[in-house]
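Structural overview
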Amino acid sequence: MTRRLRLTGPGGFTMIELLVVVSLVIILAGVGMASYRNGVIRAQEAVLKENLFRLRDVIDQYHADKQKHPQALEDLVTEGYLRAIPKDPFTGSAETWQIVEAEPDPANPSAELGIYDVKSGSDKTALDGSKYSEW
(Lines give C-alpha, C1' and ligand atoms only; values in the text may rest on other atoms or scores of the structure.)
Protein backbone atom coordinates (compact mmCIF):
# COMPACT_ATOMS: atom_id res chain seq x y z
CA MET A 1 0.00 0.00 0.00
CA THR A 2 1.57 3.12 -1.10
CA ARG A 3 0.07 6.34 -0.14
CA ARG A 4 0.45 9.46 -2.06
CA LEU A 5 0.63 12.68 -0.21
CA ARG A 6 -1.12 15.44 -1.91
CA LEU A 7 -0.21 19.00 -1.19
CA THR A 8 -2.99 21.46 -1.36
CA GLY A 9 -2.46 25.15 -1.83
CA PRO A 10 0.76 26.99 -2.56
CA GLY A 11 3.92 25.41 -1.28
CA GLY A 12 5.94 28.59 -0.68
CA PHE A 13 6.43 32.22 -1.50
CA THR A 14 6.78 33.50 -5.01
CA MET A 15 9.83 35.43 -6.09
CA ILE A 16 7.76 38.64 -6.35
CA GLU A 17 6.57 38.32 -2.76
CA LEU A 18 10.13 37.86 -1.54
CA LEU A 19 11.33 40.86 -3.55
CA VAL A 20 8.58 43.06 -2.10
CA VAL A 21 9.41 42.04 1.47
CA VAL A 22 13.16 42.51 0.97
CA SER A 23 12.56 45.92 -0.65
CA LEU A 24 10.43 47.06 2.29
CA VAL A 25 13.07 45.93 4.77
CA ILE A 26 15.78 47.82 2.86
CA ILE A 27 13.65 50.99 2.72
CA LEU A 28 12.92 50.84 6.45
CA ALA A 29 16.59 50.23 7.24
CA GLY A 30 17.59 53.23 5.11
CA VAL A 31 15.12 55.50 6.90
CA GLY A 32 16.34 54.21 10.25
CA MET A 33 19.99 54.86 9.37
CA ALA A 34 19.23 58.42 8.22
CA SER A 35 17.38 59.12 11.47
CA TYR A 36 20.23 57.63 13.47
CA ARG A 37 22.85 59.76 11.70
CA ASN A 38 20.82 62.93 12.23
CA GLY A 39 20.41 62.01 15.89
CA VAL A 40 24.16 61.59 16.31
CA ILE A 41 24.85 64.94 14.63
CA ARG A 42 22.21 66.67 16.78
CA ALA A 43 23.84 65.22 19.89
CA GLN A 44 27.29 66.44 18.76
CA GLU A 45 25.82 69.88 18.09
CA ALA A 46 24.32 69.96 21.59
CA VAL A 47 27.71 69.01 23.08
CA LEU A 48 29.43 71.74 21.04
CA LYS A 49 26.91 74.37 22.19
CA GLU A 50 27.38 73.29 25.81
CA ASN A 51 31.20 73.31 25.53
CA LEU A 52 31.18 76.77 23.95
CA PHE A 53 28.82 78.08 26.63
CA ARG A 54 31.00 76.67 29.43
CA LEU A 55 34.25 77.96 27.92
CA ARG A 56 32.80 81.43 27.39
CA ASP A 57 31.37 81.47 30.90
CA VAL A 58 34.72 80.45 32.41
CA ILE A 59 36.56 83.08 30.36
CA ASP A 60 34.16 85.71 31.71
CA GLN A 61 34.66 84.44 35.29
CA TYR A 62 38.44 84.58 34.83
CA HIS A 63 38.19 88.14 33.53
CA ALA A 64 35.95 89.19 36.43
CA ASP A 65 38.33 87.68 39.01
CA LYS A 66 41.70 88.69 37.53
CA GLN A 67 40.70 91.87 35.65
CA LYS A 68 42.41 90.49 32.56
CA HIS A 69 41.69 87.89 29.92
CA PRO A 70 43.49 84.53 29.96
CA GLN A 71 46.51 84.31 27.67
CA ALA A 72 45.80 80.69 26.75
CA LEU A 73 43.06 78.16 27.37
CA GLU A 74 45.52 76.21 29.52
CA ASP A 75 45.50 79.13 31.98
CA LEU A 76 41.89 78.24 32.78
CA VAL A 77 43.01 74.77 33.82
CA THR A 78 46.10 75.83 35.78
CA GLU A 79 44.10 78.47 37.68
CA GLY A 80 41.40 75.92 38.58
CA TYR A 81 38.54 77.27 36.47
CA LEU A 82 38.35 74.04 34.45
CA ARG A 83 39.46 70.48 35.15
CA ALA A 84 40.40 70.02 31.51
CA ILE A 85 39.83 71.80 28.24
CA PRO A 86 36.83 70.12 26.61
CA LYS A 87 37.16 68.44 23.25
CA ASP A 88 35.50 69.84 20.18
CA PRO A 89 33.05 67.05 19.27
CA PHE A 90 33.53 67.57 15.54
CA THR A 91 37.32 67.65 15.48
CA GLY A 92 37.76 65.24 18.40
CA SER A 93 40.54 67.36 19.88
CA ALA A 94 40.94 69.96 22.61
CA GLU A 95 43.72 71.60 20.60
CA THR A 96 41.62 72.82 17.67
CA TRP A 97 39.61 75.57 19.38
CA GLN A 98 39.89 78.86 17.52
CA ILE A 99 40.51 81.72 19.92
CA VAL A 100 39.33 85.30 19.45
CA GLU A 101 41.62 87.83 21.07
CA ALA A 102 40.27 90.73 23.09
CA GLU A 103 40.27 94.23 21.65
CA PRO A 104 42.90 96.58 23.08
CA ASP A 105 41.56 98.65 25.98
CA PRO A 106 41.80 102.36 25.09
CA ALA A 107 41.89 103.25 28.79
CA ASN A 108 44.81 100.89 29.38
CA PRO A 109 46.80 100.44 26.17
CA SER A 110 49.65 98.65 27.97
CA ALA A 111 47.34 95.85 29.16
CA GLU A 112 48.01 92.39 27.78
CA LEU A 113 45.59 91.09 25.20
CA GLY A 114 44.07 87.75 25.95
CA ILE A 115 41.38 85.34 24.88
CA TYR A 116 38.00 87.03 24.62
CA ASP A 117 36.03 84.28 22.86
CA VAL A 118 36.35 80.74 21.58
CA LYS A 119 34.97 79.11 18.43
CA SER A 120 34.98 75.61 16.99
CA GLY A 121 37.90 74.62 14.79
CA SER A 122 35.67 72.49 12.57
CA ASP A 123 35.06 73.47 8.95
CA LYS A 124 31.86 71.39 8.78
CA THR A 125 28.36 72.75 8.24
CA ALA A 126 25.60 72.34 10.83
CA LEU A 127 22.19 70.85 10.12
CA ASP A 128 20.74 74.39 10.04
CA GLY A 129 23.20 75.43 7.30
CA SER A 130 25.54 77.55 9.45
CA LYS A 131 29.22 76.80 9.94
CA TYR A 132 30.28 75.41 13.32
CA SER A 133 33.21 77.81 13.26
CA GLU A 134 30.73 80.71 13.34
CA TRP A 135 28.91 79.61 16.50
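This section reports on the structure supplied with the text. (Residues numbered from 1 in each chain as written. Predicted model: local features only at pLDDT ≥ 70, side-chain atom pairs only at ≥ 80, totals over all residues. Heavy atoms only, no water.)

It is worth spelling out the overall build of the protein chain at this point. Assigned secondary structure in the protein chain consists of two helices and two strands. Ordering the α and β elements of the protein chain from the N terminus gives α-α-β-β. Against the compact-globule benchmark of 14 Å for 135 residues, the protein chain has a radius of gyration of 29 Å, which places it well outside the compact range. Across its three principal axes, the protein chain shows a C-alpha extent of roughly 110 × 30 × 20 Å. Looking at the protein chain as a whole, 23% of its 135 residues are labelled buried. Accessible surface for the protein chain amounts to roughly 10200 Å². Of this, 57% is attributable to carbon and sulfur atoms. Treating the 15 positive side-chain charges of the protein chain as one cloud and the 19 negative ones as another, the clouds have centres 21 Å apart. (Helix = DSSP H or I, 4+ residues; strand = E, 2+ residues; numbered from the N terminus. Rg over C-alpha atoms; globule rule 2.2 N^0.38 Å. Buried < 20%, exposed > 50% of the residue type's maximum accessible area, 1.4 Å probe, protein only. Areas by Shrake-Rupley, 256 points an atom, 1.4 Å probe, with all protein chains shown as cover. Lys, Arg positive; Asp, Glu negative; His and termini not counted. Charge placed at Lys NZ, Arg CZ, Asp CG, Glu CD.)

So, on to unusual backbone geometry. A negative phi angle characterises most non-glycine residues, just as the trans form characterises most peptide bonds. In this structure, Gln67 takes a positive phi of about 60° despite not being glycine. Residue placement: Gln67 occurs in the loop between helix H1 (15-66) and helix H2 (73-78).

Attention shifts here to the nonpolar core. With 18 residues, the main nonpolar core has Leu48, Leu73, Leu76, Trp97 and Val118 as its most contacted residues. For this core, the secondary-structure elements that each account for two or more residues are H1, H2 and strand E2 (115-119). Per-element accounting of this core gives the leading share, six residues, to H1. Contacts of Leu76, omitting those with residues within four sequence positions, involve Val58, Ile59, Tyr62, Pro70, Tyr81 and Leu82. (Core = buried A, V, L, I, M, F, W, Y, C linked by side-chain atoms within 4.5 Å. Contact = heavy atoms within 4.5 Å.)

On to the packing of aromatic side chains. In this structure the tally under the stated criterion is three aromatic pairs. Taken together, a centroid distance of 4.0 Å and an interplanar angle of 20° make the contact between Phe90 and Tyr132 stacked. Of this pair, Phe90 sits in the loop between H2 and strand E1 (98-101) while Tyr132 sits in the segment after E2, and the two are 42 residues apart along the sequence. Among the residues examined, Tyr132 registers a relative accessible area of 2% and is labelled buried. Judged by centre distance (5.0 Å) and plane angle (80°), the ring pair of Tyr132 and Trp135 falls under edge-to-face. Taking the relative accessible area as the measure of exposure, Trp135 reaches 17% and is therefore buried. Here the aromatic residues Phe90, Tyr132 and Trp135 are joined through ring pairs into a cluster of three or more. (Phe/Tyr/Trp six-rings, centres within 6.5 Å; stacked < 30°, edge-to-face > 60°.)

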